[in-house]
Amino acid sequence: MTNTTNTITTNTITPDTVLIFDTTLRDGEQSPGCSMNLEEKLQVAAQLETLGVDIIEAGFAIASEGDFQAVSEVARQCERATVASLARAAIGDIDRAWEAVRHARRPRIHTFLATSPLHMRVKLNKSPEEVIEAIARSVAHARNICPDVEWSAEDATRSEPDFLARAIETAIAAGARTINLPDTVGYATPETYGAMFRDMINRVPNADLAVFSTHCHNDLGLAVANSLAAVLAGARQVESTINGIGERAGNAAVEEVAMALKVRHDVMPARTNIVSTEITRASRLVSGITGFQVQPNKAIVGANAFAHESGIHQDGMIKDKSTYEIMTPESVGVTHSSLVMGKHSGRAAFRQKLEELGYTLGDNAFQDAFVRFKALADAKKAVFDEDIVALVDDEVLRGHDRIQVKEVEIYCGSNGPQRAVLTLEIDGEDKTTTSRGNGPVDALFNAVRILVPHDKSVLERYEVNAITGGTDAQAEVSVLLSEDGRTTRGRGTHHDTMVASARAYVNALNKLLVKRGRAPVGVSAAG
Ligand code: KIV
Ligand code: ZN
């Protein structure tokens, strides 16, 4: 998928600029149940550039062959953003990171080492002196091969201030030009996090040579507040993710940080290069690809973020929108469309509707989406914008899946056993089977298991939601599969709940195959 406003210009940097370092593709991808394939990562990276992020952390190059390839391809693709790879403080990690990012116009190596007493003792089994030596060695090695090096003090917020200051000074002396102080476990509060930045910026002798960066996890729901407190204390880079996805409770959300700085510029005189009208599109893309739905009351990008329910609020809105809206939906890319879609709508109207909703599809994707739209319009009285968003996201979501659902037939009712006839396209070849089950969903999922054996996987969760009201509403099904400690989430939409179920299950299965590596379909992780 491409989009209409894809003009790449160089970002502006002034003393009040807060650089946005997006780690959706690295820390975001570490969310339990999340995985993106190469094509999906490239789509996200393209949208991140359009959104105006300054740095894209594309992955952890040494983690797997897939991560390495993704970082390399994102590095080749990006025209404006700096592309970073994460690396531990080990020569092999750093060399691998460089191998991947060296194709970028602006490459960065992001290396890290823990500095808290707990992590040094339990995890690293190193003395503080050994840690200082490792920082000097690893950063100097990175700087010898790459002009732009970031160093992170993992678990900075639980580190001894004197030791943290020494570690930072060492990293800057060895060549790091960005110093990141992560709240790795989401333990800080705005006061303590801001104070740590103020303290380090004041006391580290060579602090003026580096940009200080925030990286906050949301375990106490304070990630955005902590990031902003650090900005007020002098930080000029914020690490964050689209929709706030990430390890455990996630990271600070890019859209919240950017809009807080924009809307409350009066009290936080800093600016970002984020193109706020691209926020909704970025949020939808990441949600569609990862299968992580955005909670309706989520700030900025939730479905209810600009909805007004109470009579008093609605009355105020009619008189003057600023009574209850501190920013407009349009400012974050929510468009209100006047075009009503139905079964008589043709290609031109569908294309215009997609543009209004912020999508421009390539010819093949447009054709597939149009065929699905026509089928939906035949089956459903009114086609709402939400239906079209779900339909396009669904198309984007499964475009590169190795296994695709071709046909589903279900026989069900009070006189079981229920039966499913399922055709899947597996690596380009159609395969059909029939299966029974304890209910139609069970029969359907058993059929998938026959066609693609994956005996070790467990179905952890199966959820169905209606996208709009009415008995003819599209169903949105979400599935969580786990296997050997790996979890993947799949999503599927269709006006037939059973087809949506098959799509969701197969989508999760495709992601499981990506996580297992490139084993042939049908071979289990151990097999
Ligand atoms: O949370 C953290 O400490 C990290 C570092 C590796 C930057 O993600
Ligand atoms: Zn993190």
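Keep in mind that this is a model prediction, so the values were computed, not measured. Every chain is numbered on its own, with residues counted from 1 as its sequence reads. Chains carry letters from A onward and ligands carry numbers from 1 onward, assigned in written order. Two thresholds apply to this predicted model, a pLDDT of at least 70 for residue-level local features and 80 or more for giving and counting side-chain atom pairs, whereas whole-chain, interface and lining totals are computed over all residues. Side-chain figures throughout are based on the complete set of non-hydrogen atoms in the structure, without hydrogens or water.

**Section: the coordination of the zinc ion (ligand 2)**
Where a metal carries four tetrahedral donors, each ideal angle is 109.5 degrees; where it carries six octahedral donors, the ideal angles are 90 or 180 degrees. Defined as follows: The rule for donors is simple: N, O or S, within 2.8 Å of the metal, or within 3.2 Å if the metal is Na, K or Ca. Water isn't counted, so a site may look like it is missing partners. Only protein chains enter the accessibility calculation, which uses a 1.4 Å probe; a residue whose area is less than 20% of its type maximum is buried, one above 50% is exposed, and one in between is partly exposed.
Donor atoms from the polypeptide that coordinate the zinc ion (ligand 2) comprise Asp 27 (OD), His 215 (NE2) and His 217 (NE2), at 2.0 to 2.1 Å from the metal. In primary sequence terms, the donor set of the zinc ion (ligand 2) follows D-x187-H-x1-H. Here the two residues His 215 and His 217 agree in accessibility, since each one is buried.

**Some details on helix 9 (residues 254-263)**
The following threshold applies: In DSSP terms, a helix is any run of H or I states spanning at least four residues, a strand is any run of E spanning at least two, and both are numbered starting from the N terminus. Working rule for contacts: check all heavy atoms of both residues, and any pair within 4.5 Å makes them a contact.
Counting buried residues in helix 9 gives 8 out of 10 residues, a clear majority hidden from the surface. Among all positions of helix 9, only Val 254, Glu 255, Glu 256, Val 257, Ala 258, Met 259, Ala 260 and Leu 261 are buried. Residues of helix 9 that are buried sit in contact with strand 1 (19-22), helix 1 (38-51), helix 8 (223-232), strand 8 (237-240) and helix 10 (279-290).

**So, the site of ligand 1**
Selection criterion: The nearness test applies per residue and asks whether one of its heavy atoms lies within 4 Å of the molecule or strand. The definition of a polar contact used here is a pair of N or O atoms within 3.5 Å, where within protein one atom must be able to donate a hydrogen and the other to accept one, and adjacent residues in sequence count solely through side-chain atom pairs. What sets the accessible areas is the Shrake-Rupley method with a 1.4 Å probe; for residues, cover comes only from the shown protein chains. Side-chain classes are defined by residue name, with Ala, Val, Leu, Ile, Met, Phe, Trp, Tyr, Cys and Pro counting as nonpolar, Asp, Glu, Lys and Arg as charged, and the others, Gly among them, as polar.
Taken together, the residues surrounding ligand 1 are Arg 26, Asp 27, His 110, Phe 112, Ser 152, Glu 154, Asn 180, Pro 182, Thr 184, His 215 and His 217. In this structure, an oxygen atom belonging to ligand 1 sits 3.1 Å away from a side-chain N or O atom of His 215. Considered on its own, ligand 1 offers 260 Å² of accessible surface; in the complex 93% of this is hidden by protein. Taken together, the residues that form the shell around ligand 1 break down as 2 nonpolar, 6 polar and 3 charged.

**Quick look at the sheet that holds strand 8**
Here is the rule: Two strands are counted as paired when DSSP detects at least two bridges linking them. Axis geometry follows a simple rule: fit a line to the C-alpha atoms, using only the stretch in contact for helices, then measure angles between N-to-C directions, giving values from 0 to 180 degrees.
Strand order in this closed barrel of 8 strands is 1-2-3-4-5-6-7-8, and the pairing throughout is parallel. If you compare each strand with its neighbour and ignore which way they point, the axes differ by 25 degrees on average. The sheet contacts of helix 5 (residues 128-145) involve strand 4 (107-114) and strand 5 (149-154), and relative to strand 4 the element is tilted by about 175 degrees.

**Section: the packing of aromatic side chains**
Convention followed: Pairing of aromatic rings covers Phe, Tyr and Trp, the last through its six-membered ring, and needs centres within 6.5 Å; plane angles under 30 degrees mean stacked, over 60 mean edge-to-face, and all others mean tilted.
Overall, the coordinates contain 8 aromatic pairs when judged by the stated rule. Ring centres of Tyr 193 and Phe 197 lie 4.9 Å apart, and the angle between their planes is 75 degrees; this geometry places the pair in the edge-to-face category. With Tyr 193 and Phe 197 both in helix 7 (residues 190-203), this residue pair falls 4 residues apart, about one helical turn. Looking at Tyr 193, the relative accessible area reads 0%, which means it is buried. We classify Phe 197 as buried; its relative accessible area is 0%. When the ring of Phe 350 is compared with that of Phe 373, the centres are 4.8 Å apart and the planes differ by 15 degrees; the resulting orientation is stacked. Here Phe 373 lies in helix 13 (residues 363-379) and Phe 350 lies in helix 12 (residues 347-356), a separation of 23 residues in the sequence.

**Brief notes about the packing of helix 6 (residues 161-173) against helix 7**
The following threshold applies: Working rule for angles: under 35 degrees goes down as roughly parallel, over 145 as roughly antiparallel, 65 to 115 as roughly perpendicular, anything else as oblique. Each crossing gets its hand from how the near helix is turned against the far one by less than a right angle, where anticlockwise is left-handed and clockwise is right-handed.
Contact geometry of helix 6 with helix 7 gives a least axis separation of 10 Å together with a crossing angle of 55 degrees. The angle between the axes of helix 6 and helix 7 places the two elements in the oblique class. As helix 6 packs across helix 7, the resulting crossing turns out to be right-handed. Residues Pro 161, Asp 162, Leu 164, Ala 165 and Ile 168 of helix 6 form the contact with helix 7, whose own contacting residues are Met 196, Asp 199, Met 200 and Arg 203. Residue composition of the contact of helix 6 with helix 7, by class: 6 nonpolar, no polar and 3 charged.

**Quick word on the pattern of salt bridges**
Going by this rule: Only one rule defines a salt bridge in this text: a Lys or Arg side-chain nitrogen within 4 Å of an Asp or Glu carboxyl oxygen.
With the rule as written, the count across this model stands at 26 salt bridges. Note that Glu 255 and Lys 298 form a salt bridge whose closest N and O atoms lie 2.8 Å from each other. On the criterion of sequence distance, the pair formed by Glu 255 in helix 9 and Lys 298 in the loop between helix 10 and helix 11 (311-319) is long-range, its members being 43 residues apart. Overall, Glu 255 belongs to the buried group, its relative accessible area being 3%.

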